[in-house]
Amino acid sequence: MKLKVILSQKLKENVPLTCVGWINTEEVYSISDDNQILSWSVSTNQPSTIAQLEKNVFATDLQFLPRQGSNLSKQSDLILVSCADGRFHLVNRSGRIERSVEAHKGAVLVGQWGNDGTGFLTGGEDGFIKIWSRSGMLRSSVVNSDSPVFAACWSPDNQSIAYSNDKCLVIKLLAPNTKPLKWKAHEGVVLCLAWSATSDIIVSGGEDCKYRVWDNQGRPIFSSVHHNHPVTAISWAPTGDLFAVGSFNTLRLCDYSGWSRSLEKPQSGTIYKIAWSNDGTQLAGACANGCLLFAHVIERHAHYLNISATVSEKKLITVKNVLDDTAEHLELPDRVIHLAMRYNNLVLTTPSQCYIYNTSNWNTPFIFDLKDGSVHYMELAEKHMILVEKNTVGIYNYQGKLVGQPRWANMRLDIVKPALISLSNDTLAVRDHNDTKMVHIIDLTTNRNSNEMNSSIQHSLPIIQISLDTQGPSSVRTLALLDKSRDLYVIRIKSSSAKTFTKLGRKIDSFSWNATINILAAIQDAQLMVWYCPMAAFSIKLLQMCSLQYDSPELGRSPRINDFVGNSVSVRRVDGSLLNIPISPFPELIYKKILDNKWTEALNLCRTANTEMAWACLAVMATQSNSETIDIAEEAFANINHHEKVYYIQYIKNLPSKAERKAHLFLLGGKLEEAESILLHNGMVYQAIYVNINIHNWTRALELALKHKTHIDTVLYLREKYLETLGKKENNNKYISVRETTEVDPDKVQQKIAVEQKRRISH
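Residues numbered from 1 in each chain as written. Predicted model: local features only at pLDDT ≥ 70, side-chain atom pairs only at ≥ 80, totals over all residues. Heavy atoms only, no water.

A. Up close: the overall build of the chain. Broken down by element type, the chain carries 13 helices and 56 strands. Buried residues in the chain amount to 56% of all 763 residues. Summarising the internal contacts of the chain: among those between residues at least 6 apart in sequence, 43% fall at separations of at least 24. For the chain, the exposed area adds up to about 33,500 Å²; of that, 48% sits on carbon and sulfur atoms. (Helix = DSSP H or I, 4+ residues; strand = E, 2+ residues; numbered from the N terminus. Buried < 20%, exposed > 50% of the residue type's maximum accessible area, 1.4 Å probe, protein only. Contact = heavy atoms within 4.5 Å. Areas by Shrake-Rupley, 256 points an atom, 1.4 Å probe, with all protein chains shown as cover.)

B. Representation of the pattern of salt bridges in the model. Taken as a whole and judged by the stated rule, the model has 30 salt bridges. Between Lys273 and Asp61 there is a salt bridge whose closest N-O contact spans 4.0 Å. Within this pair, whereas Lys273 is found in strand 26 (residues 271-276), its partner Asp61 is found in strand 6 (residues 59-64), the two being separated by 212 residues in sequence. Look at Lys273 and you get partly exposed, because its relative accessible area is 23%. Take Asp61: its relative accessible area is 10%, and that puts it in the buried class. Residue Asp487 is joined to Lys503 by a salt bridge in which the shortest nitrogen-to-oxygen separation is 3.5 Å. With Asp487 in the loop between strand 47 (478-483) and strand 48 (488-492) and Lys503 in strand 49 (residues 502-505), the pair connects residues that are 16 residues apart, well separated along the chain. The partly exposed category is assigned to Lys503, whose relative accessible area is 40%. (Salt bridge = Lys/Arg side-chain N within 4 Å of Asp/Glu carboxyl O.)

C. Layout of the nonpolar core. Judged by nonpolar contacts, the single largest core of 65 residues is most densely connected at Leu488 and Leu618. Of the residues forming this core, the biggest block, ten residues, is contributed by helix 4 (residues 612-623). Beyond its immediate stretch of four places on either side in the chain, Leu618 contacts Ile590, Ile594, Trp599, Ala602, Leu603, Cys606, Ile632 and Ala636. Core analysis: the next-biggest nonpolar cluster, separate from the first, contains 29 residues, Tyr686, Trp698, Leu702 and Val749 among them. (Core = buried A, V, L, I, M, F, W, Y, C linked by side-chain atoms within 4.5 Å.)

D. Structural context of the packing of aromatic side chains. Per the counting criterion, the structure on display carries 16 aromatic pairs. Between Phe88 and Phe120 the ring centres are 5.0 Å apart and the planes differ by 80°, which places this aromatic pair in the edge-to-face class. Residue Phe88 is located in strand 8 (residues 87-91), and its partner Phe120 is located in strand 11 (residues 119-124); the two are separated by 32 residues in the primary sequence. Accessibility classification places Phe88 together with Phe120 in one group, the buried group. For the pair Phe88 and Trp132, a centre-to-centre distance of 4.8 Å together with 70° between the ring planes defines the contact as edge-to-face. Taken together, the residues span a long stretch of sequence, with Phe88 in strand 8 and Trp132 in strand 12 (residues 128-133) at a distance of 44 residues. For Trp132, a relative accessible area of 4% corresponds to the buried category. A connected cluster of aromatic rings, assembled from ring pairs, spans Phe88, Trp113, Phe120 and Trp132. Note that Lys130 overlies the ring of Phe128, its terminal NZ or CZ placed 5.6 Å from the centroid. (Phe/Tyr/Trp six-rings, centres within 6.5 Å; stacked < 30°, edge-to-face > 60°. Lys NZ or Arg CZ within 6 Å of the ring centre and 35° of its normal.)

E. Structural view of unusual backbone geometry. Phi is positive for Asp166, close to 60°, though the residue is something other than glycine. Take Asp166: it is sitting in the loop between strand 15 (160-165) and strand 16 (168-173). One non-glycine residue with positive phi stands out, namely Asn597, at about 60°. Looking at the secondary structure, you find Asn597 in the loop between helix 2 (586-595) and helix 3 (599-609).

F. Structural context of helix 3. Regarding helix 3, the residues found buried are Trp599, Ala602, Leu603, Leu605, Cys606 and Ala609. The arc that holds the buried residues of helix 3, viewed along the axis, is 160°, so those residues lie on one side. Across from the buried face of helix 3, at angles greater than 90 degrees, the exposed residues are Thr600 and Thr608. (Arc of directions from axis to C-beta.)

G. View of the packing of helix 2 against helix 3. Helix 3 packs onto helix 2 with a crossing angle of 160° between their chain directions and a minimal axis gap of 8 Å. Taken together, the axes of helix 2 and helix 3 lie roughly antiparallel to each other. Helix 2 and helix 3 meet at a crossing whose hand is left-handed. Listed contacts from helix 3 to Phe586, Leu589, Ile590, Lys593 and Ile594 of helix 2 are Trp599, Glu601, Ala602, Leu605, Cys606 and Ala609. Of the residues contributing to the contact of helix 2 with helix 3, the split by class is nine nonpolar, no polar and two charged. (Axes fitted to C-alpha atoms, helices over the stretch in contact; angles between N-to-C directions. Parallel < 35°, antiparallel > 145°, perpendicular 65-115°, else oblique. Left-handed = near helix turned anticlockwise from the far one by under 90°. Nonpolar A, V, L, I, M, F, W, Y, C, P; charged D, E, K, R; others polar.)

H. A look at the sheet that holds strand 36 (residues 361-369). Spatially, the four strands line up as an open sheet ordered 33-34-35-36, and their pairing is antiparallel. Two strands lie at the open edges of the sheet, namely strand 33 (338-342) and strand 36, each paired on one side alone. Recorded for the sheet is a direction-independent mean angle of 20° between the axes of neighbouring strands. Note that strand 33 and strand 34 (residues 345-349) share five bridges and pair antiparallel. Each residue of the ladder has a partner; that of Leu339, found in strand 34, is Leu348. (Pairing = 2+ DSSP bridges.)

Have a look at this one:
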């Protein structure tokens, strides 16, 4: 990935351009030191004069009002212009000044709209930062520092601001009586600052000729090499995966984690400001020598198995097959904005259309028109794909047919983040915009929520990433989620009973499901972990047997997962290099046999491989399957020396009813809810209660007894015997309250238990 840079002709008398902004993807506005507002065409790189501002204005910053959702009124073209005379101006598209306000003593060095467009901030040479309404009315003065504010920006949620204070950066919450977070960021004065609304990462540049990357708590992520000149401009791409850095005759394109993807050396002089277009494929820069810099992101790549697609030029895609070294060139009528490749389909979007190519036929793509002409998120599943546009979300098949338009509570398409939405063949999962602990589950087979009574999953902590597995039947669809404490959980989202979270690991930096099989990989404490059978998490011993822990110095510091397809995990190191780590092929082969219900072949495969990992995976899947697999589970557990489970399976075989045998096999596989559900469905209430008592789930046992109005005294009696054995007193309020209203006769309880035992044998 790199930038293709074009410099416009210089303005007359080499008048410097001081600020720049995109009005749309084809037109750029700039202001120069001769106080002209110019409009530049991207196609011709030629300027036209929009307006002439009064003398001695000298603009220092320019930003268009962010467009939110369907907000396409004229007011959405309102421009905030900060000036060196201490004023700011609200200017409309035609260049007419709607409002001018004396804001600061000395120059207004920075002016920035909030991400929601309801207000803006200004920072001045006088050390003040002030917040204003959209119409230019003063709301508050939030900062009064002892040094000029050269840079300031909003947090993604608009609840705090970050600003420069000499060599330091400060994050200040806008809530009253909150202490600001301050740290030394550079060895020289901080000149520029940007906070990504998508990735929630901060980048700063300073007079020490370095740019540095920080998380939202001020912890360092990356520090650049020493440049020849101070870093004067920084800007995030709207997608949050790239940012651009400007200096004297220098333009650098960087990955969000900090490492440089490309370095260009245009003859531009100092680059004062950088602005990205809304589609994230173009950027413009205001240059000291009077040129306007245009750059386009090219050489973006998409890979799947043996096929690689590259954006060679704005409108040209080069597709290569690495097996036979053949190449195809796909020419499009308009520039490529998004591209993705999965499951033998290459999907491209332009400003107005979507193209779908099958890897077996590059000549006749399926083409359909976009509804809003602006796609800002795209994800591919095996059967269909999702396109999130400005105002609409659509599920399309790979013939370009619209098959669904899902909706969910608190739906905000303009701020959808890739980490917080996930697609599978039958389900869409989206984290709630307002409640960060909630995930909405949408069933795509009916275009309705998966469970009318419980269409969401509630976690105990804020969720920062979600991902659905992609293979297998919908009844076992699994969601992996990462919470704010960096703990990774998995949960069966279509379980008929209460949903429970199973913890897989802690200190997780990134994770990804395999594209072709339900294997999960994660970076855990700078190590690569691969869980071949994530649903073995109910047993630590089994989970360890079903896992690969790759701990090698070659991973370096802060690696992250780039892609996970087939039997190879692609890991991106901190310097940007890719490392492909092979994993065992046997789990994938076993999974595919089981998906085809070929259990005998899966068993023979394990006998051939004869590894602990393969037998452990087979054992877990056999105990969680709806097929008749008890003999296979017995052999698998025997081969990993889990003799207690072998004895338990032999006990299960002697149980009188098929339903009870199935329930106990599920119980062995850690599926308590399913086991309980089977017993209740077959009228075995006592057995369901006794299963919970055996695993010391006393609260659930009492709930079942009260719900079905049976064996309440039995549960109380067994609870008392249990506490008597431990020499402890009852401290469960629910048991105490029920005991006060229930008579417990030990003889009657013993008789009831004996009756249940006889009834069970008779069945």
